[in-house]
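Chain by chain, the residues:
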Amino acid sequence: MIFKNKVFQIIKHLMIYPHYKMNVFSGTNSYSEMLDVIKCLFSSTCVNGSDIGIYHHLLQKMLGSPSYSFASGRMGFYSILKTIGIQEKDEIIIPSYTCIVVPNAILYCSAKPVYCDILMSDFNIDTDHLESLITSRTKAIYAQHTFGQMCDIDKIMEIAAKHNLIVIEDAALALGARKDGKWAGTIGDFGYYSTDRSKVINTGLGGIVTVNNSNYNKKFSDYYDSIPYLDEKMTKKIAQTFIINVITLHPSLYWIGKFINMVLTKFGVMTYFSDEQCVRKESIYAYPYPAKLSNIFAKIGIWQIQNIKHNISHRKQVAHYYNDILQIYPSEYIENEKNIFLRYSFLIRNRDYWENRFSSKIDLSIWFKSIASGRIDNFEKIGYSLGSNTISEYACLHIFNLPTHQQIKSEKLKKLLLELKKSGDIISKENIL
Ligand SMILES: Cc1ncc(COP(=O)(O)O)c(C=O)c1O
């Protein structure tokens, strides 16, 4: 037995540790969740089943608002827009420092995204700029909690009340953050979350909407009842993707796993939603938009919600580790329940150099390197004029963010973090807070 253990240790050292490479995805799922998904794949409850109701009930119990699951966050957001009756030429104010699927959902309703700049301090919307953008066509304000740090939601609610506007909270990156005991996503009239592989919890792909203004309960519930599920073929493909991800994205296999993922995606064995470059809903043909979350993924959601306390306290622990070395934020800021640090984010000079240096240990895929991240060019197609929001554009050039999920062994980054701190390339806290 001792001999066997010794051999195993040696193999582990020779085979695994030299290749150990972390990444930003899928750090919250266990192998038993994966086995559950495999079992469900061969059952008749892959698409529709009782786990969806249990998941919704669990979410409502935790969040305190009626909750509905979708195949993605963007589809949830689109459903909110449809429920509030957004029409052609209506304006929604959103931060320019966001994900491309946000303005896309607005464009799919033939409405107009109006881009607001952000604050350097926390990458969230600048409420002074926001108020100056309100016109007679404005219908809603989009309160995004960037990277898991809550925006000034009180001020946004105050502005919205003054101008009689609807507030939609984007808590896609902030499930679990709280202010005065209220969850991010449950303060505005509506809120939504994303639950794909890079988010606080991972259900393969997925999203959740909370309806916090009871005037909309019936309307939203009727709309939800009217939309389809993904079909069985698509559901199974996403489930397959989840299973392969859990295995191949583990840090000890990632060196080869990344390549396997690329090949299997190319050959259609794995799939993701990819409407990043679409500005018209009609161009999405591979799956229904919007669609409900299939039962198999709700099953994973139940596990994930049951584990959320541990998930968030781990993220805080990792954020503390980074911060103890880099000293970017006051430690009370890390401790504050408003910030769950899905990614510990800050601004640096010489980003390409540092991204390259970190890439020996971790595949960062830094988030929000462009306005409406995911769009590479032709910004006029989404109604954004380059040069208009200078802070957002500055943040795109200098942002650096580190993941905090449960497969992150922060001590493996210690040497690099110390070097980064010593280099003086971090753009100083005084400029940030
Ligand atoms: C800030 C933000 N909002 C919304 C979304 C949409 O989430 P989903 O990919 O589940 O549609 C994302 C996606 O990453 C995001 O980063």
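These numbers were taken from a predicted model, which means no experiment stands behind them.

Draft legend 1. Region of the structure containing the overall build of the protein. In terms of regular secondary structure, the protein is built from 17 helices and 13 strands. Taken against the 2.2 N^0.38 rule, which gives 22 Å for 433 residues, the C-alpha radius of gyration of the protein at 21 Å falls within 12% of a compact globule. Projected onto the principal axes, the alpha-carbon positions of the protein cover approximately 75 × 55 × 40 Å. Among the 433 residues that make up the protein, the fraction classed as buried is 58%. Long-range pairs, those at least 24 residues apart, make up 75% of the contacts in the protein between residues at least 6 apart in sequence. Accessible surface, the protein: about 18,600 Å² in total, of which carbon and sulfur atoms supply 55%. Looking at charge distribution, the protein has the averaged site of its 49 positive side-chain charges lying 7 Å from that of its 40 negative ones.

Draft legend 2. Structural context of the domain arrangement of the protein. In terms of domain boundaries, the protein breaks down into domain 1 (34–226) and domain 2 (307–432). Computed over C-alpha atoms only, the centres of domain 1 and domain 2 are separated by 23 Å. With 39 residues of domain 1 in contact, the opposing surface of domain 2 contributes 38 residues. At the boundary of domain 1 with domain 2, total buried surface from both sides reaches about 3,100 Å², with 63% on carbon and sulfur atoms. Of all residues in domain 1, the largest losses of buried area upon contact with domain 2 belong to Tyr97, Met120 and Phe147, amounting jointly to 22% of the total for that side. Between the two partners, domain 1 and domain 2, sit 1 salt bridge.

Draft legend 3. Focus on the site of the ligand. The ligand sits among 16 residues. The nearest are Gly73, Arg74, Asp170, Ser194 and Lys199. Taking Gly73, its main chain carries an N or O atom lying 2.8 Å from an oxygen atom of the ligand. About the coverage of the ligand: the protein hides 93% of its 390 Å² of free accessible area. Only helix H4 (73–83), helix H5 (101–108) and strand E9 (190–194) provide two or more residues apiece to the shell around the ligand. Per-class residue counts for the shell around the ligand are 7 nonpolar, 5 polar and 4 charged.

Draft legend 4. Spatial organisation of the pairing of strand E3 (residues 91–95). Burial runs high along E3: 5 of the 5 residues are buried. The alternating pattern of E3 places Glu91, Ile93 and Pro95 and Ile92 and Ile94 on opposite faces, both of which are buried. In this structure, E3 lies alongside strand E4 (residues 112–116), joined through 5 bridges in parallel fashion. Bridge pairing in E4 places Glu91 opposite Lys112.

Draft legend 5. Geometry of the sheet that holds strand E2 (residues 67–70). The strand order across the open sheet formed by 7 strands is E2-E10-E9-E6-E5-E3-E4, and the pairing between neighbours is mixed. Looking along the sheet, the strands with just one partner apiece sit at the ends: E2 and E4. Shown here is a sheet whose adjacent strand axes are inclined to one another by a mean of 25°, direction ignored. As judged from the 5 bridges shared by E9 and strand E10 (residues 207–211), these two strands associate in the antiparallel manner. In the strand pairing of E10, Ser194 is matched with Gly207. Where helix H3 (residues 50–63) meets the sheet, its contacts fall on E2, E9 and E10, and the angle it forms with E2 comes to roughly 130°.

Draft legend 6. Highlighting helix H2 (residues 31–41). For H2, the set of buried residues is Glu33, Met34, Asp36, Val37, Cys40 and Leu41. Taken around the axis of H2, the buried residues stretch over an arc of 155°, which confines them to a single face. Turned more than 90 degrees away from the buried face of H2, the exposed residues are Leu35 and Lys39.

Draft legend 7. Spotlight on the side chain of Gln144. Tracing the backbone through its elements, the reader meets Gln144 in strand E5 (residues 138–144). For Gln144, the side chain forms a polar contact with the main-chain oxygen of Tyr97, separated by 2.9 Å.

Draft legend 8. Layout of the nonpolar core. Grouped together as the largest cluster of nonpolar side chains are 144 residues, with contacts concentrated most on Tyr344, Phe346 and Phe358. For this core, the leading source of residues is helix H12 (residues 308–326), giving 7 residues. Residue assignment places this core across two domains, with domain 1 (34–226) and domain 2 (307–432) each supplying three or more.

Draft legend 9. Representation of the environment of Asn104 in the model. On the secondary structure map, Asn104 appears in helix H5. For the pair Asn104 and His310, spaced 206 residues apart in the sequence, the C-alpha separation amounts to 34 Å. Reaching out from Asn104, the side chain makes a polar contact with the backbone oxygen of Asp275 at a distance of 3.0 Å.

Quick notes on the rules
Residues numbered from 1 in each chain as written. Predicted model: local features only at pLDDT ≥ 70, side-chain atom pairs only at ≥ 80, totals over all residues. Heavy atoms only, no water. Helix = DSSP H or I, 4+ residues; strand = E, 2+ residues; numbered from the N terminus. Rg over C-alpha atoms; globule rule 2.2 N^0.38 Å. Buried < 20%, exposed > 50% of the residue type's maximum accessible area, 1.4 Å probe, protein only. Contact = heavy atoms within 4.5 Å. Areas by Shrake-Rupley, 256 points an atom, 1.4 Å probe, with all protein chains shown as cover. Lys, Arg positive; Asp, Glu negative; His and termini not counted. Charge placed at Lys NZ, Arg CZ, Asp CG, Glu CD. Domains from an automatic or database assignment. Buried area = accessible area lost by both parts, 1.4 Å probe. Salt bridge = Lys/Arg side-chain N within 4 Å of Asp/Glu carboxyl O. Near = heavy atom within 4 Å. Polar contact = N/O pair within 3.5 Å; in protein donor to acceptor, adjacent residues only side chain to side chain. Nonpolar A, V, L, I, M, F, W, Y, C, P; charged D, E, K, R; others polar. Pairing = 2+ DSSP bridges. Axes fitted to C-alpha atoms, helices over the stretch in contact; angles between N-to-C directions. Arc of directions from axis to C-beta. Core = buried A, V, L, I, M, F, W, Y, C linked by side-chain atoms within 4.5 Å.

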